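An overview of the molecular structure
The primary structure of each chain is shown beneath.
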Amino acid sequence: MRPQAGLRRSQTLAERFRDWKHRTIARPGFQRWAAAFPLTRPVARRHARELFDLLAGFVYSQILLACVRLNLFGMLADGPLPLALMAERCAMSPDAMRRLVAAAASLELLDLQGGDTVTLGRLGAPLVANEAITAMVEHHATLYGDLADPVALLRGEGRAPAMAGYWPYAAAADAGPGQPATLATEKVAEYSKLMTASQPLVAREVLDAYRFGRHRVLMDVGGGEGAFVRAVAAEVPGLELRVFDLPAVARRAEDNFKTWGIGGRSRAFGGDFFADELPRGADVISLVRVAFDHPDERVLTLFKNVRRALPDNGTLVLAEAMAEVPGVEPIGDAYFGFYLLAMGRGRPRSAAHLTRLLNEAGFASVRSLPTHMPLQAGVLVARCSA
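What counts, and at which threshold
Residues numbered from 1 in each chain as written. Predicted model: local features only at pLDDT ≥ 70, side-chain atom pairs only at ≥ 80, totals over all residues. Heavy atoms only, no water. Helix = DSSP H or I, 4+ residues; strand = E, 2+ residues; numbered from the N terminus. Buried < 20%, exposed > 50% of the residue type's maximum accessible area, 1.4 Å probe, protein only. Areas by Shrake-Rupley, 256 points an atom, 1.4 Å probe, with all protein chains shown as cover. Pairing = 2+ DSSP bridges. Contact = heavy atoms within 4.5 Å. Axes fitted to C-alpha atoms, helices over the stretch in contact; angles between N-to-C directions. Patch = residues over 30% accessible without salt bridge, like charges linked within 9 Å, V, L, I, M, F, W, Y side chains within 5 Å. Salt bridge = Lys/Arg side-chain N within 4 Å of Asp/Glu carboxyl O. Core = buried A, V, L, I, M, F, W, Y, C linked by side-chain atoms within 4.5 Å. Parallel < 35°, antiparallel > 145°, perpendicular 65-115°, else oblique. Left-handed = near helix turned anticlockwise from the far one by under 90°. Nonpolar A, V, L, I, M, F, W, Y, C, P; charged D, E, K, R; others polar. pLDDT = per-residue confidence, 0-100.

1. Thoughts on the overall build of the protein chain
In terms of regular secondary structure, the protein chain is built from 16 helices and 10 strands. Buried positions account for 42% of the 386 residues belonging to the protein chain. In the form shown here, the protein chain has an accessible surface area of approximately 20400 Å², with 56% of it arising from carbon and sulfur atoms.

2. Here's the deal with the sheet that holds strand S1 (residues 81-82)
In a beta sheet, neighbouring strands are held together by backbone hydrogen bonds and run either parallel or antiparallel to one another. Taken in spatial order, the 3 strands line up as S1-S3-S2 in an open sheet, and their pairing is antiparallel. Each end of this open sheet is capped by a strand with a single partner; those strands are S1 and strand S2 (110-113). Strand direction decides the pairing type here: S2 and strand S3 (residues 117-120), joined by 4 bridges, are antiparallel. If you follow Asp111 over to S3, its bridge partner there is Thr119. Across the sheet, helix H6 (residues 94-106) is in contact with S2 and S3; its angle to S2 comes to roughly 115°.

3. So, a nonpolar patch on the surface
The grouping of Ile25, Phe30, Trp33, Phe37 and Leu39 at the surface amounts to a nonpolar patch, some 480 Å² of accessible area in total. Mapped onto the elements, Ile25 comes out in helix H1 (residues 13-25).

4. A few points about the nonpolar core
Within the largest apolar cluster, 33 residues are counted, with the highest numbers of intra-cluster contacts made by Val221, Ile285, Leu287, Phe303, Val306, Leu316 and Phe363. Elements represented by at least two residues in this core include exactly strand S4 (217-221), strand S7 (284-288), helix H14 (296-309), strand S8 (315-320), helix H16 (351-360) and strand S10 (378-383). Considering every element that reaches this core, the biggest residue donor is H14, with 6 residues. With sequence-adjacent residues up to four places away left out, Phe303 is seen in contact with Leu287, Ala291, Leu318, Leu354, Leu357, Leu358, Ala361 and Phe363.

5. Describing the packing of helix H3 (residues 41-69) against helix H7 (residues 131-146)
Between two packed helices, both the angle of their axes relative to each other and the distance between the axes serve to describe the pair. Running from N to C, H3 and H7 cross one another at 130°; their axes reach a closest spacing of 10 Å. The angle between the axes of H3 and H7 places the two elements in the oblique class. Crossing of H3 over H7 shows left-handed handedness. Residues Phe58, Ser61, Gln62, Leu64, Leu65, Val68 and Arg69 of H3 form the contact with H7, whose own contacting residues are Thr134, Val137, Glu138, Ala141 and Tyr144. Partitioning the contact of H3 with H7 into residue classes produces 7 nonpolar, 3 polar and 2 charged.

6. Re the sheet that holds strand S6 (residues 266-270)
On the basis of which strands lie adjacent, the open sheet formed by 7 strands has the order S6-S5-S4-S7-S8-S10-S9 and mixed pairing. Strands with a single pairing partner mark the edges of an open sheet, and in this sheet they are S6 and strand S9 (365-369). For this sheet the average axis-to-axis angle between neighbouring strands, irrespective of direction, equals 20°. Here strand S5 (residues 240-245) pairs with S6 via 5 bridges, running parallel. Its bridge partner lying in S6, Asp245 is registered against Gly270. Its contacts with the sheet place helix H13 (residues 247-260) against S5 and S6, and it is angled at close to 165° to S6. Packed on one face of the sheet, H14 meets S4, S7 and S8 and runs near 160° to S7.

7. Side note on the confidence of the model for the protein chain
Per-residue pLDDT for the protein chain averages 88, and the proportion of residues at 70 or more is 89%. Low pLDDT (under 50) marks residues 174-181, which in the prediction has 13 contacts with non-local residues, meaning those over four places away or in another chain.

8. Considering the environment of Ala282
Relative to the helices and strands, Ala282 resides in the loop between S6 and S7. Linking Ala282 and Met219, residues 63 residues apart in sequence, is a C-alpha distance of 6.0 Å. Each residue touching Ala282, except ones within four places of it in the same chain, is listed here: Val217, Leu218, Met219, Arg242, Ala309, Leu310 and Pro311.

Here's what the structure looks like:
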């Protein structure tokens, strides 16, 4: 039986202890004692640093944005440079460049050697020519504007979030059958470009976790401009490839297939995956970063449409960032929780929650595959028959 509304369930012993510990830490007197006592001082300092990092997080992100916009990581890709030369290239004073470099060095994005020589830092090195991450860094300027008043965002007050306009299909998704498919090419160009740029991060995780070579035809539903099927094409010769997305997006995918040299084995179909019947013939369908953009009832509709399009021995591969993943909980519950709130639709879901929806949609078995970088994506494989 479910507990009656308004009644609190009893806390477990572990929960009572954790609650007591946190209420004790909340006391100013205990905090002063912990900071002074030699055995607890390292823990107190670490907690203070973690709390300050939460407070200063926006400043840190803006330092990263400045480095990206000035292309500092690309500038240093071939080796160290004098600080004065970097200042000249970036059209700013040496003092301003020193301030930026010192800030970036403290975050391990850059390294300042000998007081006037700049090199890549531990966290800056992976950003060299990494279009996926740098595109997301630039994109976050829109998100941060919507998060300027988080309470108003949670209450649905104030101006409409800019993120909803950035992802126009999200706002159109609840407008009625057929409505999303009417979005014009210019409306989808910006978000399609971002999805294409950021897709390699997720595609690598999926391809490392699941072997598509066992299949004949892959259809990527909500596949955008075809970035995911392009990654699959490079690793699985002979696999027939399809993309299903809004008509304006599908046209861009068709053009890309020709440019990439995979037009002979790839096709794009336009439509609304909530309202239209999906093309049949694929023995594996992928949903890559699609489900978390929509509420449960819409996701269930999508899963049912996918199940109808698959043969009885068909497979669905679902990949997206998930909630409640041990070790990376803030990615799903904090970051994507508020990102999707600003977007106006969707929610991060746990693997267990997605499994329940897949079972309800008619999939007989669902299993979770491990990925190298769970913060990028989790992968679920659902089969039509047990």
